[in-house]
Amino acid sequence: MLPTLHEQFSLRDLNSFGVEARARFFCRVRRADELAALAAEPRLAGLPRLLLGGGSNLLLTRDFDGVVIKVEPPGLREVGESGDAWCVEVGAGENWHATVERLLAMGRPGLENLALIPGNCGAAPIQNIGAYGVELAERLESLTAWDFDSKQVVRMPAADCDFGYRDSAFKHALAGRRVVLGITLALPKRWQPVAGYADVAHELRARGIAQPSAHDIFETVVAIRRRKLPDPAAIGNAGSFFKNPIVSRDEHRALIAHHPSLVGYPLPGGRVKLAAAWLIDAAGLKGATRGRAGVYDRQALVLVNRGGATGAEILALAREVQDKVAEKFGIRLEPEPVIV
Ligand code: EPU
């Protein structure tokens, strides 16, 4: 059945930056048959599509002359096991953090490092969400998606999603062509804490916890995130605005010779992932304000809407950050959110 199509629909309340932009057409979708009806709708023929989950990884800089589809399939159910993992299927429209909490309460830990990440479950594979030493890719068995080309639901094993650092096929070859309807999580039967990340280890020590439970890690991550990252309900933002850039061993050597306090993490194979927040901070931009847009004063990697900013203002600030970092370090930062 065709979902209700709204015209000239305001997206202000549906993006975590809280910027105004209108969609020529907007609808909410809970089932695959609604996507089939949308694909057959003559009014939408040839129009570009924008898929929206929780709207927390998106910067809207203009009205969208196409159809915005808010993906809202509900549900959570245990669907068996696969090797040494419990499998739980979750609808794309379920809130991510509430799902992490619910699984913990069900005795299914494994996602606690990813607590408090904003957004919905369907968006988690798009950018392969990650934090404090865990990435979604390590906890995903498969997903189901509606395919606009074949006009049917397909099941994709995690291995077919081309996951990388904040990256997947849904950002490239499959962008706008497949709609994630549900994800099947693989949660380890023999759970082990992932507590090696410096911030987590430090916070656990401060709390006097030597052998953390999943619940301890959950609380620790929530505390760290609350301290460092702005709550989108209070200050518009999209989490980290840039990816941490990856450089070669030689580039890293040359940079550190000039900037001895540069922060980087070695990767397998000799490359180094640099802390973009450090680069922005060292370029003197932490806490900067341009009009109604700003660089967050507690985490330089986060751009914020200080109240009433337009998407264009935030984008202009992002460009300034890119230019100043490039000028000082010769590195072009790559934005993390989808920019429309
Ligand atoms: N730092 C500064 N100035 C700052 C903030 C940080 O110099 O204003 C330096 C510090 O040395 C710090 C280092 O940068 O040790 C790294 O900062 P942090 O530990 O806060 O992590 P991050 O690399 O900035 C990444 C993810 C976050 C994730 C954290 C924890 C990306 C793009 N961001 O941030 O993810 O929560 O690690 O794992 O990979 C997100 O994607 O939206 C997000 C918040």
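Here is a short report on the structure shown in this document. Keep in mind that what you see is a predicted model, and the values were worked out from it rather than measured.

1. Quick word on the site of the ligand
Moving on, step 1. If you check the shell around the ligand, you find 25 residues, and the closest are Y132, Y165, S240, D281 and K286.
Moving on, step 2. Residue R166 places a side-chain N or O atom 2.9 Å away from an oxygen atom belonging to the ligand.
Moving on, step 3. Here R225 contributes a side-chain N or O atom positioned 3.4 Å from an oxygen atom of the ligand.
Moving on, step 4. With the chains in place, 83% of the 830 Å² that the ligand exposes on its own is no longer accessible.

2. Focus: the sheet that holds strand β17 (residues 289-290)
Moving on, step 1. Strand order across the open sheet formed by 4 strands is β13-β19-β18-β17, with antiparallel pairing between neighbours. In this open sheet, the two strands that pair with only one neighbour each are β13 (236-240) and β17.
Moving on, step 2. Direction of pairing for strand β18 (residues 293-295) relative to strand β19 (residues 302-305): antiparallel, over a ladder of 3 bridges. The partner of G294 across the bridge, within β19, is V304.
Moving on, step 3. Running at roughly 35° to β18, helix α7 (residues 311-329) makes contact with β17, β18 and β19 of the sheet.

3. Brief notes about α7
Moving on, step 1. Taking 1.5 Å of rise per residue, 19 residues should cover 27 Å, and α7 covers 27 Å from first to last C-alpha, within 8% of that figure.
Moving on, step 2. Among the residues of α7, G311, I314, L315, L317, A318, E320, V321, Q322, V325 and F329 are the ones counted as buried.
Moving on, step 3. Looking one or two places after α7, you find G330, whose phi comes out positive at around 70°.

4. Description of the packing of helix α2 (residues 96-105) against helix α4 (residues 214-228)
Moving on, step 1. Following both chains from N to C, one finds α2 and α4 inclined at 155°, their axes separated by 11 Å at the closest point. As summarised for this structure, α2 and α4 are arranged roughly antiparallel, according to the angle between their axes. Crossing of α2 over α4 shows left-handed handedness. Counted together, H97, V100, E101 and L104 of α2 and A214, H215, F218 and V222 of α4 form the full contact between these two elements.
Moving on, step 2. Along the lines of polarity and charge, the residues of the contact of α2 with α4 split into 5 nonpolar, 2 polar and 1 charged.

5. A closer look at the environment of Y132
Moving on, step 1. Tracing the sequence through the fold places Y132 in the loop between β8 (130-131) and β9 (134-135).
Moving on, step 2. Judged by its relative accessible area of 10%, Y132 falls in the buried class.
Moving on, step 3. Setting aside anything within four residues of it in sequence, one finds Y132 in contact with N113, V194, Y197, D199, V200, V221, I224 and R225.

The rules behind these values
- Residues numbered from 1 in each chain as written.
- Predicted model: local features only at pLDDT ≥ 70, side-chain atom pairs only at ≥ 80, totals over all residues.
- Heavy atoms only, no water.
- Near = heavy atom within 4 Å.
- Polar contact = N/O pair within 3.5 Å; in protein donor to acceptor, adjacent residues only side chain to side chain.
- Areas by Shrake-Rupley, 256 points an atom, 1.4 Å probe, with all protein chains shown as cover.
- Pairing = 2+ DSSP bridges.
- Helix = DSSP H or I, 4+ residues; strand = E, 2+ residues; numbered from the N terminus.
- Contact = heavy atoms within 4.5 Å.
- Axes fitted to C-alpha atoms, helices over the stretch in contact; angles between N-to-C directions.
- Expected span 1.5 Å × (residues − 1).
- Buried < 20%, exposed > 50% of the residue type's maximum accessible area, 1.4 Å probe, protein only.
- Parallel < 35°, antiparallel > 145°, perpendicular 65-115°, else oblique.
- Left-handed = near helix turned anticlockwise from the far one by under 90°.
- Nonpolar A, V, L, I, M, F, W, Y, C, P; charged D, E, K, R; others polar.

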